[in-house]
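Architecture and fold: a report
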Amino acid sequence: MSARNSILGKLRAAPAAAAVEPDIAAFYAARPQRPLTAMIAEWAMMMRAVRTEVVFCREPDWDAALVRVVSDKQIGRLLLAPTTAHGKRAMDTLAAQPKPLRMHGYDRAIDEWKAELFNEVDAGFTSVRAGICSTGSLIAWPTPDEPRTMSLVPPVHIALFDASRMYDTLYQAMQVEGWKNGLPTNSLLISGPSKTSDIQQTVAYGAHGPRELIVLCVLPTDVSVNDVEGTAQ
């Protein structure tokens, strides 16, 4: 018998080791729970490190922050979801401003206005479902009112984020929000504007999505702006 056959024979004759499933729940349960303020500050620091603009605001004035962003970025045409509460509020507030702005929803099949969507829309405004501190990410959860195209195609994505829905890890978000009970056709994590280094290892923004990401981060009333800004910078 050759040495090879001898070795293989011993391996085949050896009893199979029982498969041990990792205790994922125990692993994450052992992580220390951190205050929301600390998580928001760390998340903002990580997002800004990859060229995301984070604008802290409160529930009563996030639409005023949106007006400033639209003005600063010189946005002339905005895609939003007027059928949602936040989309209608944004449209009403922006419509009351003296500077004209074209606004409309995603209300046509893409083949009917592909050239217009790709070439004329300046920005898309959508909500996001939650945030993840450990990776500096937003959880996008497309719906029929806000399909993925709204946050993918326009060169600027303005995301409305309720920071009370900040989670330490993706696992925590999946467990607390019950993802096992149903997912959209396309849920995803956004950790900054689109970028690639495929060509000569030179970073280029906007190759596969928006070149700019602006987050209107709505803070809970018990979280201080000074605390999150002071820790994040």
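These notes cover the structure that comes with them. Note that this is a predicted model, so its numbers are computed, not measured.

**A short note on the overall build of the protein**
- Along the backbone of the protein there are nine helices and 12 strands.
- When burial is assessed residue by residue, the protein has 41% of its 233 residues classed as buried.
- Taking the intrachain contacts of the protein between residues at least 6 apart in sequence as the baseline, contacts between residues at least 24 apart amount to 77%.
- Accessible surface computed for the protein: about 13200 Å², of which carbon and sulfur atoms make up 55%.
- Averaging the coordinates of the 23 positive side-chain charges in the protein and doing the same for the 25 negative ones gives two points 7 Å apart.

**Section: the sheet that holds strand β4 (residues 123–127)**
- The six strands are arranged β1-β12-β7-β4-β2-β3 in an open sheet whose pairing can be described as parallel. For this open sheet the edge positions go to β1 (52–57) and β3 (102–104), each flanked by a neighbour on one side alone. Going from strand to strand, the sheet's axes swing by 20° on average, the running direction of each strand aside.
- As paired strands, β1 and strand β12 (residues 212–218) are joined by six bridges and run parallel to one another.

**Considerations on the packing of helix α4 (residues 62–72) against helix α5 (residues 85–95)**
- Remark: α4 packs on α5, axes separated minimally by 10 Å, with the N-to-C direction vectors making an angle of 60°. Put simply, α4 runs oblique to α5. The handedness of the crossing between α4 and α5 is right-handed. In this structure, α4 uses Trp 62, Asp 63, Leu 66, Val 67 and Val 70 to contact α5, whose residues at the interface are His 86, Arg 89, Ala 90, Thr 93 and Leu 94.
- Class assignment of the residues belonging to the contact of α4 with α5 gives a composition of six nonpolar, two polar and two charged.

**Things to note about the pairing of strand β6 (residues 137–140)**
- Taking every second residue as pointing to the same face, both faces of β6 are buried, with Ser 137 and Ile 139 on one and Leu 138 and Ala 140 on the other.
- What sits between strand β5 (residues 130–132) and β6 in their antiparallel hairpin is a turn of four residues, with Gly 136 showing a positive phi close to 60°.
- Across three bridges, β6 lies against strand β9 (residues 188–190) in antiparallel orientation. Considered in β9, the bridge of Leu 138 is made with Ile 190.

**Observations regarding the nonpolar core**
- In terms of nonpolar packing, the biggest core is built from 24 residues, with Trp 43, Leu 138, Phe 161 and Cys 217 touching the most fellow members.
- For this core, the elements supplying multiple residues, two or more each, are α3 (36–49), β1, β6, β7 (156–162), β9 and β12.
- For this core, the element with the highest residue contribution is α3, accounting for six residues.
- Other than its neighbours up to four places away in sequence, Phe 161 contacts Trp 43, Val 128, Ala 130, Gly 131, Leu 138, Met 166, Val 215, Leu 216, Cys 217 and Val 218.
- Core analysis: the next-biggest nonpolar cluster, separate from the first, contains 22 residues, Trp 62, Leu 66, Ala 90 and Met 103 among them.

**So, the sheet that holds β6**
- Pairing in this open sheet of four strands is mixed, and the strands run β8-β5-β6-β9 from one edge to the other. At either margin of the open sheet sits one strand with a lone partner, and together these are β8 (166–167) and β9.

**Quick look at the pattern of salt bridges**
- One pass over the structure, following the stated rule, counts 16 salt bridges.
- For Glu 120, the salt bridge is made with Arg 77, and the minimal N-O distance between the two is 2.9 Å. With a gap of 43 residues between them, Glu 120 in helix α6 (residues 114–120) and Arg 77 in strand β2 (residues 77–79) connect regions that are remote in the sequence.
- Look at Glu 120 and you get partly exposed, because its relative accessible area is 42%.
- Using a relative accessible area of 4% as the deciding quantity, one classes Arg 77 as buried.
- Its salt-bridge partner being Glu 177, residue Arg 129 comes within 2.3 Å of it at the nearest N-O pair. Of this pair, Arg 129 sits in the loop between β4 and β5 while Glu 177 sits in the loop between α8 (170–176) and β9; the two residues are 48 residues apart in sequence, bridging distant segments of the chain.
- By sharing partners, the salt bridges in this structure join Arg 77, Asp 107, Arg 108, Glu 116 and Glu 120 into a single network.

Calculation criteria
- Position numbers for residues start from 1 in each chain and track the written sequence from start to end.
- Where totals are concerned, whole chains, interfaces and linings use all residues; where local detail is concerned, this predicted model gives features only for residues with pLDDT of at least 70, and gives and counts side-chain atom pairs only at 80 or more.
- Only heavy atoms go into the side-chain values, all of them from the structure, while hydrogens and water stay out.
- Helical segments are the DSSP runs of H or I of at least four residues, strand segments are the runs of E of at least two, and each set is numbered from the N terminus.
- The cut-offs for exposure are 20% and 50% of the maximum accessible area for each residue type, with area from a 1.4 Å probe on protein chains only; residues under the lower value are buried, those over the upper are exposed, and the others partly exposed.
- In this analysis, two residues are considered to be in contact whenever any of their non-hydrogen atoms come within 4.5 Å of each other.
- For every accessible area listed, the method is Shrake-Rupley and the probe measures 1.4 Å; residues are considered covered only by the protein chains on display.
- The charge count includes Lys and Arg as positive and Asp and Glu as negative, but it does not include His or the ends of the chains.
- Throughout, a charge is located at the NZ atom of Lys, the CZ atom of Arg, the CG atom of Asp or the CD atom of Glu.
- Two strands qualify as a pair provided DSSP detects at least 2 bridges between them.
- The axes used here are C-alpha line fits, helices contributing only the stretch in contact, and every angle between their N-to-C directions lies in the interval 0 to 180 degrees.
- Each angle receives one of four descriptions, namely roughly parallel if under 35 degrees, roughly antiparallel if over 145, roughly perpendicular if within 65 to 115, and oblique otherwise.
- Should the near helix be turned anticlockwise from the far one by less than a right angle, the crossing is left-handed, and should it be turned clockwise, the crossing is right-handed.
- Under the scheme applied, nonpolar residues are Ala, Val, Leu, Ile, Met, Phe, Trp, Tyr, Cys and Pro; charged residues are Asp, Glu, Lys and Arg; polar residues are all the others, including Gly.
- For this analysis, a nonpolar core means a set of buried residues of the types Ala, Val, Leu, Ile, Met, Phe, Trp, Tyr and Cys, connected via side-chain atoms within 4.5 Å.
- Salt-bridge detection follows one rule: a side-chain nitrogen of Lys or Arg within 4 Å of a carboxyl oxygen of Asp or Glu.

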